[in-house]
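Spelled out, the chains give:
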Amino acid sequence: MPNLMISISGIRGIVGDGLTPQTVLNFAMGLGSYLGGGKVIIGRDSRVTGPMVQHAVISGLLATGCDVVDIGVCPTPTVQMTVEKLKARGGIAITASHNPIEWNALKLIDSSGMFLDETQGKEVLKNVEKNDYRNVTWDQVGKLEKYEKAIDDHIKAILKLKLIDIDEIAKRKFKVVVDCVNGAGGTILPSLLKQLGCETTFINEEPTGLFPRSPEPLPENITELCEKVKSEKADIGFAVDPDVDRLAIVSDEGKPFGEEYTLVSAVNFVLSKKNGPIVVNASVTQAIDDVAAKFNTKVFRTKVGEIFVAQKMKKEKAAIGGEGNGGVLLPELHLGRDAPLAIALTLQQLASSGMSSTELHQSLPQYFQGKNRIEIKDLDVNSVLDAILKKYKKENIDKTDGIKILWKDRWVHIRPSNTEPIIRIYSEAKSSEEAEALGFKFIQAIQEIIEEK
Ligand code: MG
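Not measured: the values here are computed from a predicted model. (Residues numbered from 1 in each chain as written. Predicted model: local features only at pLDDT ≥ 70, side-chain atom pairs only at ≥ 80, totals over all residues. Heavy atoms only, no water.)

## A short note on the coordination of the magnesium ion
Where we set the bar: Here a donor is any nitrogen, oxygen or sulfur atom (N, O, S) within 2.8 Å of the metal, with 3.2 Å used for Na, K and Ca; water is not among the atoms considered, so some sites may look incomplete. A run of H or I in DSSP counts as a helix once it spans at least four residues, and a run of E counts as a strand once it spans at least two, with each numbered from the N terminus. Any residue under 20% of the maximum accessible area for its type is buried, any over 50% is exposed, and the rest in between are partly exposed; the area is computed with a 1.4 Å probe on protein chains only.
Coordination of the magnesium ion by the protein is provided by S97 (OG), D241 (OD), D243 (OD) and D245 (OD), with metal-donor distances spanning 2.0 to 2.1 Å. For the magnesium ion, the single-chain donor residues occur in sequence as S-x143-D-x1-D-x1-D. One end of the pair, S97, is in the loop between strand 5 (90-94) and strand 6 (103-110); the other, D243, is in the loop between strand 10 (236-240) and strand 11 (247-250), and 146 residues separate them in sequence. Overall, D243 belongs to the buried group, its relative accessible area being 0%.

Here it is, written out as structure tokens:
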């Protein structure tokens, strides 16, 4: 990845080697100018570079006439919800999400509490590129204040959901192990789980920003959690990413559900309680379609990215939606991926069904995915995609995001990265061997196309 990525979805870079206070300041001023002043909520994950980035953000917002409300170290979904709650004009979550420790980034939020869409992002970027910012006089420079209750508000909103029965969950006295990777999860999950009557063991709880492992909650990165769930004889394990919008689940046997299954499980539960369409991105497992079919409801698919899912959910009045990376969105809470929400829904499902976490996992339709990538260097991505389309034109093809070729119980999804010169190849089938073989077949096909060019 390049060390600094500037795009319509904001700015992301390696601190000290691309991401500087100046670049951050420009983006904050770009957003402040786009919003035209008004209240702006800011929060950050626990990264050690957070205060440096935060001060540049605050300066840029105040200088463009925005009143800044700082809610401190917290999950990204908490920032989104506070924008809505305090009727702010926008927000900035200072986080590089699941990226390694040396990265930081800004996620830009509009008055709806949703991330900026492509059109809005372009406006902010235009301000930055033209170096054209709202200029206010001394008496219009914004004010800075703190709001300390954002995390409590977030927990209360989850516990107040109709879908959640606190007493029913508390009765089970779940034994839960949680890995917060020393990210922002430690600011919210101890209190949430306590209020749900759980007995908890935390690893990497302190929000020091010193990630003891690769921060993405993939099965290969959460082996310590898996071991701990077994040694503690816990009912379930949870791992979150540093900004707590993604959740991975570990069964009582110490086996990761796989990130796709956080959403599958949540959809299965929510549809058992209320009806409505489902919105997921194009790469999400077909298990979602099987669950939706069981409840006789429709699945809409979008491009990969939270904002695409959130916008479609709003439009279709979805019951629930999300992404296969462990991101769950529930419209009655807010239209953003939310790991604390996903934890509450998972515990509620265990409580209502009486199942163990292993039984829950096994009750869901099983698919396996292969995730691969090919470097395309300076080749034109579109010409490669066109060649694939031509070669497979007789197949069932979905062009929502790149090219997805579907068969009855398997698919392959080929999409260019927005940020790197690579093509991602995701494949899915009923066994991991079949999924790998399918992915490999398409890697070969794409390599042949690249060699011919
Ligand atoms: Mg994240």
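## Things to note about the side chain of D245
Test applied: A 3.5 Å cut-off defines polar contacts: any pair of N or O atoms within that distance qualifies, except that in protein one atom must be a possible hydrogen donor and the other a possible acceptor, and neighbouring residues in sequence count only when both atoms are side-chain atoms. Whether two residues are in contact is decided by their heavy atoms, any of which lying within 4.5 Å being enough.
Locating D245 in the fold gives a position in the loop between strand 10 and strand 11. D245 gets classed as buried once you look at its relative accessible area, which sits at 0%. Looking at D245, its side chain comes within polar contact range of the side chain of K107, at 3.2 Å. Among residues more than four places away in sequence, those in contact with D245 are P77, S97, K107, G326, G327, R337, D338 and A339.

## Focus on helix 11 (residues 306-316)
Inclusion rule: The directions from the helix axis to the C-beta atoms form the arc being described.
Among all positions in helix 11, only E306, I307, V309, A310 and M313 are buried. Along the axis of helix 11, the buried residues cluster in a sector spanning 165°; they form a single face. Buried positions along helix 11 lie against helix 3 (76-85), strand 12 (278-281), strand 13 (299-302), strand 14 (320-323) and strand 15 (327-329). One or two steps after helix 11, the chain reaches K317, where phi turns positive at roughly 50°.

## Quick word on the layout of surface pockets
Once rolled over the atoms, a probe with the size of a water molecule shows which space is left empty. What counts here: A cavity here means a set of points on a 1 Å grid, drawn over the protein atoms and nothing else, where a 1.4 Å probe fits but cannot get out; a pocket is an open set with protein on both sides within 12 Å along at least five of seven lines, and a residue lines either one if it has an atom within 4 Å of a point. Grid points are joined across faces, edges and corners, and a volume is the space filled by probe spheres set on the points. We call Asp, Glu, Lys and Arg charged. Ala, Val, Leu, Ile, Met, Phe, Trp, Tyr, Cys and Pro are nonpolar, and the rest, Gly among them, are polar.
Empty space within the second largest pocket amounts to approximately 290 Å³. The wall of the second largest pocket is formed by 18 residues, among which M81, E84, K85, A157 and L333 lie closest to the centre. Contributing elements (two or more residues each) for the lining of the second largest pocket: helix 3 and helix 5 (150-159). Partitioning the lining of the second largest pocket into residue classes produces seven nonpolar, five polar and six charged.

## Description of the sheet that holds strand 7 (residues 144-146)
Strand pairing in a sheet relies on backbone hydrogen bonds, with the paired strands running either antiparallel or parallel. The following threshold applies: DSSP bridges decide pairing: two strands pair if at least two such bridges lie between them. For helices, the fitted line uses only the C-alpha atoms of the stretch in contact; every axis is such a line through C-alpha atoms, and the angle between N-to-C directions lies from 0 to 180 degrees.
In spatial order, the strands read 1-2-6-5-3-4-7; together these seven strands make up an open sheet with mixed pairing. One side of each edge strand has no neighbouring strand; the edge strands of this open sheet are strand 1 (4-7) and strand 7. Sheet twist, expressed as the mean angle between neighbouring strand axes with direction ignored, is 15°. Where strand 1 meets strand 2 (residues 10-14), four bridges bridge the pair, whose relative direction is antiparallel. Residue pairing in the sheet places I6 in a bridge with I11 of strand 2.

## Brief notes about helix 14 (residues 381-391)
V381, V384, L385 and I388 are the residues of helix 14 that are buried. With its buried residues spanning 95° around the axis, helix 14 presents them on a single face. The elements touched by buried residues of helix 14 are strand 18 (403-406), strand 19 (411-416), strand 20 (422-429) and helix 15 (432-452).

## Here we look at the packing of helix 9 (residues 260-273) against helix 12 (residues 339-353)
Just so we agree on the cut-off: Roughly parallel refers to an angle under 35 degrees, roughly antiparallel to one over 145, roughly perpendicular to one between 65 and 115, and oblique to any angle outside these ranges. Left-handed describes a crossing in which the near helix is turned anticlockwise from the far one by less than a right angle; the clockwise case is right-handed.
Look at helix 9 against helix 12: their axes get within 9 Å of each other, and the N-to-C directions meet at 60°. As far as their axial angle goes, helix 12 and helix 9 are oblique. With respect to the hand of their crossing, helix 9 and helix 12 are arranged in left-handed fashion. Contacts between helix 9 and helix 12 involve T262, S265, A266, N268, F269, V270 and K273 on the former and, on the latter, A342, L345, Q348, Q349 and S352.

## Describing a positive patch on the surface
As a reminder of what qualifies: Grouping into patches uses exposed residues only, defined as over 30% relative accessible area, and leaves out salt-bridged ones; the cut-off is 9 Å for like charges and 5 Å for nonpolar side chains (Val, Leu, Ile, Met, Phe, Trp, Tyr). Note on areas: these come from Shrake-Rupley sampling with a 1.4 Å probe, and a residue is covered only by the protein chains present in the view. Put simply, a salt bridge is a Lys or Arg side-chain nitrogen that is within 4 Å of an Asp or Glu carboxyl oxygen. Positive: Lys, Arg. Negative: Asp, Glu. His and the chain ends are not part of the count. Charge positions come from single atoms, namely NZ of Lys, CZ of Arg, CG of Asp or CD of Glu.
A cluster of like positive charges, contributed by K39, K85, K87, K149, K156 and K160, occupies part of the molecular surface. Within the secondary structure, K160 sits in the loop between helix 5 and helix 6 (166-171).

## Quick word on the pattern of salt bridges
According to the stated counting rule, one finds 20 salt bridges in the structure shown. Across the pair E332 and K274 runs a salt bridge, and its minimum N-O distance is 2.8 Å. Highlighted residues: E332 in the loop between strand 15 and helix 12 and K274 in the loop between helix 9 and strand 12, separated in sequence by 58 residues. E316 serves as the salt-bridge partner of K312, at 3.3 Å between the closest nitrogen and oxygen. Within this pair, K312 and its partner E316 are both found in helix 11, separated by four residues, close to a single helical turn. Through salt bridges with shared partners, a single network forms among K107, D243, D245, E306, E323 and R337.

## Thoughts on the domain arrangement of the protein
Often, the extent of an interface is quoted as the loss of accessible area on bringing the components together. So the rule is basically this: Residue ranges assigned to the domains are those given by an automatic or database domain assignment.
What the domain assignment lists for the protein is domain 1 (4-148), domain 2 (154-363) and domain 3 (368-452). The centre of domain 1, based on its C-alpha atoms, is set 35 Å off from the matching centre of domain 3.

## Quick notes on the sheet that holds strand 19
If you trace the five strands from one edge of the open sheet to the other, you get 16-20-19-18-17, paired in antiparallel fashion. The sheet terminates laterally at strand 16 (368-375) and strand 17 (396-398), the two strands that pair on one side only. Between one strand axis and the next, the sheet turns through 20° on average, direction left out of account.

## Observations concerning the environment of K453
In this structure, K453 sits in the segment after helix 15. Considered as a pair, K453 and S383 are 70 residues apart in the sequence and their alpha carbons are 9.1 Å apart. In contact with K453, not counting residues within four places along its chain, are L379, S383 and V384.

## Some points on the side chain of T297
Structurally, T297 can be placed in the loop between helix 10 (287-294) and strand 13. On the basis of relative accessible area, T297 is assigned to the buried category, the value being 18%. Looking at T297, its side chain comes within polar contact range of the main-chain oxygen of G276, at 2.7 Å. Those residues in contact with T297 that sit more than four places away from it in its chain are L271, N275, G276, P277, I278 and A292.

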